[in-house]
Each structure stands twice: as C-alpha cells, then as structure tokens.
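# Overview (structure and organization)
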Amino acid sequence: MVVTGANRGLGLELARQCAADGDTVLLGSRDLAAGERAAAELTTAALTTAELTAEGLTAAGSPGRLLPVRLDVTDADGLRAVATTVRDQLGRVDVLVNNAAVHYDTWQNAANADLGVVREALETNVVGAWLTTQAFLPLLRRSRHPRIVMVSSEGGSLASMGGGIPAYHVSKAALNALTRTLAGDLEREGILVNAVCPGWTATDMGGPGGRPVSQGAASIRYAMDLPDGGPTGTFTRDGRPVPW
Ligand code: NAP
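The following paragraphs examine the structure supplied in this document.

Definitions and cut-offs
Residues numbered from 1 in each chain as written. Predicted model: local features only at pLDDT ≥ 70, side-chain atom pairs only at ≥ 80, totals over all residues. Heavy atoms only, no water. Salt bridge = Lys/Arg side-chain N within 4 Å of Asp/Glu carboxyl O. Buried < 20%, exposed > 50% of the residue type's maximum accessible area, 1.4 Å probe, protein only. Helix = DSSP H or I, 4+ residues; strand = E, 2+ residues; numbered from the N terminus. Near = heavy atom within 4 Å. Polar contact = N/O pair within 3.5 Å; in protein donor to acceptor, adjacent residues only side chain to side chain. Areas by Shrake-Rupley, 256 points an atom, 1.4 Å probe, with all protein chains shown as cover. Nonpolar A, V, L, I, M, F, W, Y, C, P; charged D, E, K, R; others polar. Axes fitted to C-alpha atoms, helices over the stretch in contact; angles between N-to-C directions. Parallel < 35°, antiparallel > 145°, perpendicular 65-115°, else oblique. Left-handed = near helix turned anticlockwise from the far one by under 90°. Contact = heavy atoms within 4.5 Å. Core = buried A, V, L, I, M, F, W, Y, C linked by side-chain atoms within 4.5 Å. Phe/Tyr/Trp six-rings, centres within 6.5 Å; stacked < 30°, edge-to-face > 60°.

Applying the stated criterion to the full structure yields 10 salt bridges. The salt bridge partner of aspartate 88 is arginine 87, with a shortest N-O separation of 3.1 Å. Here arginine 87 falls in the partly exposed class, since its relative accessible area comes to 38%. One salt bridge in this structure joins glutamate 189 and arginine 141, with 2.6 Å as the shortest N-O distance. You can see glutamate 189 sitting in the loop between α5 (166-186) and β6 (192-196) and its partner arginine 141 sitting in the loop between α4 (115-140) and β5 (147-151), a full 48 residues away along the chain.

So this is what it looks like as structure tokens:
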C-alpha cells in the first residue's frame, strides 16, 4: 500500500498500524530524510515493545515492511518515477491512501483570503491527490482488491459548511467531488474509491485536544478494508456516513 504524507500525523500512524498487521507500506514523504527518521523510530519502538512482551513481534501478526519513499504529491515527474520503481520491485499496489494535505487556514475567511494560500491548498489537497491517483492507477489495476482512500474532512461537507477556513473547506469539498467522480469512472473495474473523515485528531494540523491518532487512523482503515463489491463513492467517519 502507498500512504502519502506519512512522515508524521495520521499518515504515520496508519503506516505503523498496517505494517504491524503485515502489510508492505510505502511511507510517502516529500522530505525523504523525514520519512526515513519516522520509519526508523517506529521500527525501534516495535522492537522495544517486542522485548517487553512475552509474545514478541509476532503477537500482532507478522510484521510487514515500512519502505520510506520520496513522494511529493505536487511533483508529477517524481510520482511517475516512484510508480516505475514500485512496478519493477513490487509489481502492484493494493491500496492508495491520499492523506497528504496543507493549510487548515483558521486565520482567514473567504472575503479576505490570501489566494496564494488557496492555490497551494488546491494544488496539494486536490490536484496532488488526483496526480497521485493517476500515477498509481496502472499498479492498482494489477491488484485483485484495489482500493483508493481519500482522506477528506467534514470541513469539506457542503451540508454543514459555514464561514471561515476557506482554503481548507473549498479544497476538501473539491476532493469529495473528485472522490465521487473517480468512483463512478472506476466502478466497472472494481476499484473502490471512498472518502473518509478521520475526525478531529491530535496532530500538528489538528492541534491538541483531538482524539488519538490511533482512532483517526482506524477511521481511514475502514475504507481500506471494504470487501470486494463493497460500497464506492461514500464519505464516512468511523464507518458511518457523513453528509456530503
Ligand atoms: P499533518 O500532521 O499536518 O500532516 C500532514 C502531512 O502531509 C505531512 O506528512 C506533510 O509533510 C504532508 N504533506 C504536505 N504537503 C505535501 C506534499 N506536497 N507532498 C507530500 N506530502 C505532503 O496532518 P494530519 O492531521 O496528519 O492530517 C492528515 C489528513 O487528515 C489530511 O488530509 C487532513 O486534512 C485530514 N484531517 C485531519 C484532521 C485532524 O484533526 N488532524 C481532521 C480531519 C481531516 P511535511 O512533514 O513535509 O510537511
């Protein structure tokens, strides 16, 4: 599986959980050194836990592999290069999690927004997820159970949207539209495309007070673990529908 923005926050926790369950996880990071540091810390932590428990590392299943890769979702050439390497070395991708995002812009509103910030949010949160999906689609098509998960936010829900946080709101609403459109386009191929909200989670973006990353990541995993023929084009948090 491929996770974007996985050197910290929800992406890192998701990578940790999935590797612990035996998956081969490409830990995407736009700064490779940051991804390598994060993976090394996880591996050390896993070994430490194994030493402290009678069951050892296999207690949570066979540990998988964490493979840090340089992956900037705004860099089309870089994405193509990673996809080529993955094709040559692993052959396929079963799950793509478009998790990377920027600019939870609580400091501005639509009327006075810095449109440079808005452009950056659209470039990463929407076009970045789109580019990444296009880059890995040929490898997802080689999987028997392909899944694409868009890590969105209730902040992108038109049904509950009010003023404020304009770059984030608009970009996540567009990501939701992309989810529905891709889901329709790929349905006949059996590729499930779903959006999830991880809930307010204590990360650099979410700030203190949110729920633990373990719960936010579990909300994402729901859409990864859907059965063949399962729902596509949905928007959920903790497996329950969020109004569009
Ligand atoms: P975070 O801690 O701020 O982490 C964001 C990640 O995205 C970082 O790894 C960052 O890399 C990466 N990123 C940014 N631009 C990138 C690019 N161009 N290419 C590749 N990676 C890039 O955020 P988080 O809270 O874990 O959020 C993860 C996802 O959950 C986001 O989609 C967010 O919108 C969503 N979400 C979060 C909450 C919450 O309360 N935390 C709630 C709802 C939805 P760098 O380290 O290099 O900056």
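This is not the end of the story, as more comes after the structure.
Turning to the site of the ligand, a few remarks are in order. Around the ligand sit 28 residues in total, of which Asn7, Arg8, Asn99, Tyr168 and Thr203 are the nearest. Between arginine 30 and the ligand, the recorded distance is 2.8 Å, taken from a side-chain N or O atom to an oxygen atom. With respect to the ligand, the side chain of lysine 172 contributes an N or O atom lying 2.9 Å from an oxygen atom. When the ligand sits alone it has 910 Å² of accessible area, and the protein chains cover 93% of it. For the shell around the ligand, the elements supplying multiple residues, two or more each, are α1 (9-20) and α5. Residue composition of the shell around the ligand, by class: 11 nonpolar, 12 polar and 5 charged.

This paragraph deals with the packing of helix α3 (residues 76-89) against α4. Here α3 crosses α4 at 20°, and the two axes come no closer than 9 Å. Taken together, the axes of α3 and α4 are roughly parallel relative to one another. Regarding α3 and α4, the two cross each other, and that crossing is right-handed. Contact with α3, carried on its side by Ala76, Leu79, Val82, Ala83, Val86 and Arg87, involves Leu131, Thr132, Ala135, Phe136 and Leu139 of α4 and no other residues of that element. Split by residue class, the contact of α3 with α4 holds 9 nonpolar, 1 polar and 1 charged.

Grouped together as the largest cluster of nonpolar side chains are 30 residues, with contacts concentrated most on Phe136, Ile148 and Met150. Those elements giving two or more residues to this core turn out to be α3, α4, β5, α5 and β6. The element contributing the most residues to this core is α4, with 6 residues. Grouped together as the second largest cluster of nonpolar side chains are 24 residues, Ala6, Leu12, Cys18 and Val149 included.

This paragraph deals with the packing of aromatic side chains. Within this structure, the stated rule accounts for 2 aromatic pairs. Between tyrosine 104 and tyrosine 168, the aromatic rings sit 4.9 Å apart at their centres with planes inclined by 85°, giving edge-to-face as the arrangement. Of this pair, tyrosine 104 sits in the loop between β4 (95-98) and α4 while tyrosine 168 sits in helix α5, and the two are 64 residues apart along the sequence. Of the residues examined, tyrosine 168 reaches a relative accessible area of 7% and is grouped as buried.

Just distances and angles here, no functional claims.
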